[in-house]
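Inside the fold
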Amino acid sequence: MTGSRLLSPRWLAAGGAVILAAVLGVTLLLTNSGSACAAPPSTSAKSGKATFYDLGGGTGNCSFPSAPADDLFVALGPVQYSAGAACGTYLDVTGPKGKVRVKVIDSCPECAAGHLDLSRTAFKKIGAEVDGIIPISYKTVTGVGAGPISVRVKEGSSRYWLAVLIDNHGNQLKSVTVNGKSTHREDYNYWVIDAGAGGGPFKIKILDVYGHSTVATGVKLSPGATQKTSARLSGGGVSSAKTTPSSAKKKASPSLSPSPAAPAVSSAGAPAESTAVAAPAGDVELPPAEPAVDLAAGAAQACG
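All values reported here derive from a predicted model rather than from experimental measurement.

Counting its regular elements, the chain contains four helices and 18 strands. Across the 304 residues that make up the chain, the buried fraction comes to 50%.

As structure tokens, this is what we get:
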């Protein structure tokens, strides 16, 4: 029976310890590489399989305050999740019944490359729920979901330790700077400055992997609040932030993840500035899944 993803005997029997070690290895590699970053993901169609799951009250490893209002989202395996680089990007997924667009909001530790774990709502749009697992094709899409940027300052942030979450960017992000200070992205999708950036307000520059950038100013040091801006990556520009009441004050609780926890106090146009666990359906024959290691550019590369 498909339900929210939980640690189960199937996960352990499937070599969970090995996968866990691999995930931790990737995380450490990206964390220790400093200037390492991901290249733009491929937008070519690939084949694979899809299962479905329920968040069960959680919000996913990407730490977005809530699931998309349309309930159309996806969790990716360690390679494609790429230590959080895929968070906030979009995929078009085609199955036996049609196509659906989903936002990446979660990781699926037991999913191999090409295995997408969809929300139940998304799965039912392209396949029969009773099947549990279906063959699909999918591709990364760009320039979607690029609504006004929102910024959320993590609980526990202070003038001495700062973590911010960027949403509504659509394309995969390359870098985020706060008041000119570089950040590093944790695999729970927050951009962190370990020594903090002062008491604010903050000027935040956001750059995607295609060279589009925008700046949001006036972001306050307001832990747990979502601050809406008018900044858009597609058009660039400078915008001030406005703090709004947010259910984000409830700390995002990632689903099953081997990722390290946050400190206690602590996915085109002319470039701008460059600076599951689903229920098994018996023996289902699927087309061979093409390894999609470039969906979110899992291999770290030096940024130019």
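Turning to the state of the cysteines, a few remarks are in order. The tally for this structure, following the rule as stated, stands at two disulfides. With its sulfur 2.0 Å from that of its partner, Cys62 forms a disulfide with Cys87. Disulfide Cys62 to Cys87: torsion about the S-S bond roughly -85°, handedness left-handed. Pair noted here: Cys62 is in the loop between strand E2 (46-53) and strand E3 (73-76) and Cys87 is in the loop between helix H3 (78-81) and strand E4 (90-95), with a separation of 25 residues, a long-range link. Each disulfide pairs two cysteine sulfurs, and for Cys108 the partner residue is Cys111, the sulfurs being separated by 2.0 Å.

Among the nonpolar cores identified, the biggest contains 36 residues, and Val93, Val102 and Leu118 are the most heavily contacted of them. Within the residue set of this core, elements represented by two or more residues are E2, E3, E4, strand E5 (98-107), strand E6 (115-119), helix H4 (120-126), strand E7 (134-141) and strand E9 (162-167). Sequence-distant contacts of Val93, defined by excluding residues within four places in its chain, comprise Gly98, Lys99, Val100, Val102, Leu116, Leu118, Ile126, Ile136, Ser137 and Tyr138. Membership of the second largest hydrophobic core comes to 19 residues, among which are Leu162, Ile166, Val178 and Leu233.

Tracing the backbone through its elements, the reader meets Ile126 in helix H4. Ile126 sits in the buried class, given a relative accessible area of 0%. Distance from Ile126 to Lys99, taken between C-alpha atoms, is 5.8 Å for residues 27 residues apart in sequence.

Strand order in this closed barrel of six strands is E2-E6-E3-E5-E4-E7, and the pairing throughout is mixed. Taking each pair of neighbouring strands and ignoring which way they run, the sheet shows an average axis angle of 45°. Alignment of E4 against E7, held across five bridges, turns out to be antiparallel. Considered in E7, the bridge of Asp92 is made with Lys139.

For the rest of this paragraph, the subject is the pattern of salt bridges. On inspection of all chains with the given rule, the structure shows six salt bridges. Two residues, Asp54 and Arg120, come together in a salt bridge whose shortest N-O distance is 2.6 Å. Here Asp54 is found in the loop between E2 and E3, whereas its partner Arg120 is found in helix H4, with 66 residues between them in sequence. In this structure, Arg120 engages Glu129 in a salt bridge whose closest nitrogen and oxygen atoms are separated by 2.3 Å. Each member of the salt-bridge network shares a partner with another, and the members are Asp54, Arg120, Lys124 and Glu129.

About the thresholds
Residues numbered from 1 in each chain as written. Predicted model: local features only at pLDDT ≥ 70, side-chain atom pairs only at ≥ 80, totals over all residues. Heavy atoms only, no water. Helix = DSSP H or I, 4+ residues; strand = E, 2+ residues; numbered from the N terminus. Buried < 20%, exposed > 50% of the residue type's maximum accessible area, 1.4 Å probe, protein only. Disulfide = S-S within 2.5 Å. Core = buried A, V, L, I, M, F, W, Y, C linked by side-chain atoms within 4.5 Å. Contact = heavy atoms within 4.5 Å. Pairing = 2+ DSSP bridges. Axes fitted to C-alpha atoms, helices over the stretch in contact; angles between N-to-C directions. Salt bridge = Lys/Arg side-chain N within 4 Å of Asp/Glu carboxyl O.

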